[in-house]
Amino acid sequence: MKKALGVALFSTTLLLSACGEEKASKESDSKQEANEAVEDTKDVAVTKEKKENPKYDFSNDMGDFKIIGMYASSKNSDKDKITTLDFKGFKLKIIPSLVEIKLSDEAKLDERFAGQDTAKAILLTMEGENTLEDDVDYNGTLIVVTDTGEQINGDNGVFSSNEVVQTYYGKVKQAGIDVLPLEGDKMPKSFKLIVDPPDKLEDGTYLGEDTLGGEQRIEFDEYHKVEE
């Protein structure tokens, strides 16, 4: 279900277009259109079965998600408002948002949410694309540093639930999400994202450090509240 949520958010970038300098009514209309587009998406299994509370935008096994705001960077595409990091042919597309989560019973057992019924988090909706002939291993190592003084590590490594984290055997794509829980009710207005590069492989063997460039840093320093 996490994959479904990620693909749905990624493919409905109207959520971002709703966060310009338009009037609140236009923002609300755009958000409604985006949610309708999510429901109509045919290539993923969007979570209709637990859409019991219309207050929330999306649901998965972590709980019910409410989108509070969206972030933008200077590297946003003028066409679709997506930030793309290019590691010499391995491309990582990112849409960040601020969400509130009504936690599921399962999520409440997670040490990151200990004792909480609801939580706020930065949600990174992502798509990895390998445009190279070579195999590429993406470990998913990233760090978010917020303007409220938090440093949060992304979900990485072989046990990551973010499906972007994998080995790409040639020219393939994969969508996924990374949920970065915030402390208490903190609501960052900006954050810095630091992303480690993927590794190029040859016959399954790691070719050496920085074969696809070094780490990349990007400031998401524009915040737009999503109106109710």
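Please refer to the structure higher up on the page.
Attention in this report is confined to the structure presented alongside it. This one's a predicted model, so the numbers in the text were calculated from it and none came from an experiment.

**What to know about the overall build of the protein**
Phase 1: Within the protein one finds four helices and 15 strands.
Phase 2: In the protein, which comprises 228 residues, the proportion classed as buried is 50%.
Phase 3: Pairs at least 24 apart in sequence give 72% of the contacts found in the protein among residues at least 6 apart.
Phase 4: Summed over all atoms, the accessible surface of the protein reaches about 11,500 Å², with 44% contributed by carbon and sulfur.

**Examining the pattern of salt bridges**
Phase 1: Applying the stated rule across the entire model yields nine salt bridges.
Phase 2: Between Glu 100 and Lys 120 there is a salt bridge whose closest N-O contact spans 3.4 Å. Of the two residues, Glu 100 is situated in strand β4 (residues 90–103) and Lys 120 in strand β5 (residues 118–130); the sequence distance between them amounts to 20 residues.
Phase 3: Given a relative accessible area of 23%, Glu 100 falls into the partly exposed group.
Phase 4: Classification of Lys 120 as buried rests on a relative accessible area of 9%.
Phase 5: Two residues, Lys 108 and Asp 105, come together in a salt bridge whose shortest N-O distance is 4.0 Å. With Lys 108 and Asp 105 both in helix α4 (residues 105–108) and three residues apart, this pair spans about one turn of that helix.

**Let's talk about the sheet that holds strand β11 (residues 191–195)**
Phase 1: The four strands lie next to each other as β8-β7-β11-β14, forming an open sheet whose pairing is antiparallel. For this open sheet the edge positions go to β8 (151–153) and β14 (216–220), each flanked by a neighbour on one side alone. If you compare each strand with its neighbour and ignore which way they point, the axes differ by 20° on average.

**A closer look at the sheet that holds strand β6 (residues 135–138)**
Phase 1: With antiparallel pairing, the four strands of this open sheet are ordered in space as β9-β6-β12-β13. Each edge of the sheet is formed by a strand with only one pairing partner; in this case those strands are β9 (166–168) and β13 (205–206).
Phase 2: Taken together, the three bridges between β6 and β9 define a ladder with antiparallel strand orientation. The residue bridging Asp 137 from the neighbouring strand is Thr 167, located in β9.

**Focus: the nonpolar core**
Phase 1: By size, the foremost hydrophobic cluster in this structure holds 29 residues, and its most contacted members are Leu 92, Ile 122, Leu 124, Tyr 138, Phe 191, Leu 193 and Val 195.
Phase 2: Every element with two or more residues in this core is listed here: β2 (63–72), β3 (83–87), β4, β5, β6, β7 (142–146), β11 and β14.
Phase 3: Of all the elements, β4 adds the most residues to this core, at four residues.
Phase 4: Filtering out sequence-adjacent residues up to four positions away, Phe 191 remains in contact with Tyr 71, Pro 96, Ile 122, Leu 124, Val 144, Val 145, Thr 146, Ile 218, Glu 219 and Phe 220.
Phase 5: Phe 58, Met 62, Ile 82 and Leu 123 belong to the second-largest nonpolar core, a separate cluster that totals 18 residues.

**Remarks on the packing of aromatic side chains**
Phase 1: What the rule picks out here adds up to five aromatic pairs.
Phase 2: With a centroid separation of 5.2 Å and an interplanar angle of 55°, the aromatic rings of Tyr 71 and Tyr 223 are classed as tilted. With Tyr 71 in strand β2 and Tyr 223 in strand β15 (residues 222–225), the pair connects residues that are 152 residues apart, well separated along the chain. As far as burial versus exposure is concerned, Tyr 71 and Tyr 223 are alike and both buried.
Phase 3: Aromatic pair Phe 191 and Phe 220: ring centres 5.0 Å apart, planes at 25°, arrangement stacked. You can see Phe 191 sitting in strand β11 and its partner Phe 220 sitting in strand β14, a full 29 residues away along the chain.
Phase 4: In this structure Phe 191 comes out as buried when scored by relative accessible area, which is 1%.
Phase 5: Overall, Phe 220 belongs to the buried group, its relative accessible area being 0%.
Phase 6: Three or more aromatic residues link up through ring pairs in this structure, and these residues are Tyr 71, Phe 191, Phe 220 and Tyr 223.
Phase 7: Note that Lys 189 overlies the ring of Tyr 223, its terminal NZ or CZ placed 5.5 Å from the centroid.

The rules behind the values
Residues numbered from 1 in each chain as written. Predicted model: local features only at pLDDT ≥ 70, side-chain atom pairs only at ≥ 80, totals over all residues. Heavy atoms only, no water. Helix = DSSP H or I, 4+ residues; strand = E, 2+ residues; numbered from the N terminus. Buried < 20%, exposed > 50% of the residue type's maximum accessible area, 1.4 Å probe, protein only. Contact = heavy atoms within 4.5 Å. Areas by Shrake-Rupley, 256 points an atom, 1.4 Å probe, with all protein chains shown as cover. Salt bridge = Lys/Arg side-chain N within 4 Å of Asp/Glu carboxyl O. Pairing = 2+ DSSP bridges. Axes fitted to C-alpha atoms, helices over the stretch in contact; angles between N-to-C directions. Core = buried A, V, L, I, M, F, W, Y, C linked by side-chain atoms within 4.5 Å. Phe/Tyr/Trp six-rings, centres within 6.5 Å; stacked < 30°, edge-to-face > 60°. Lys NZ or Arg CZ within 6 Å of the ring centre and 35° of its normal.

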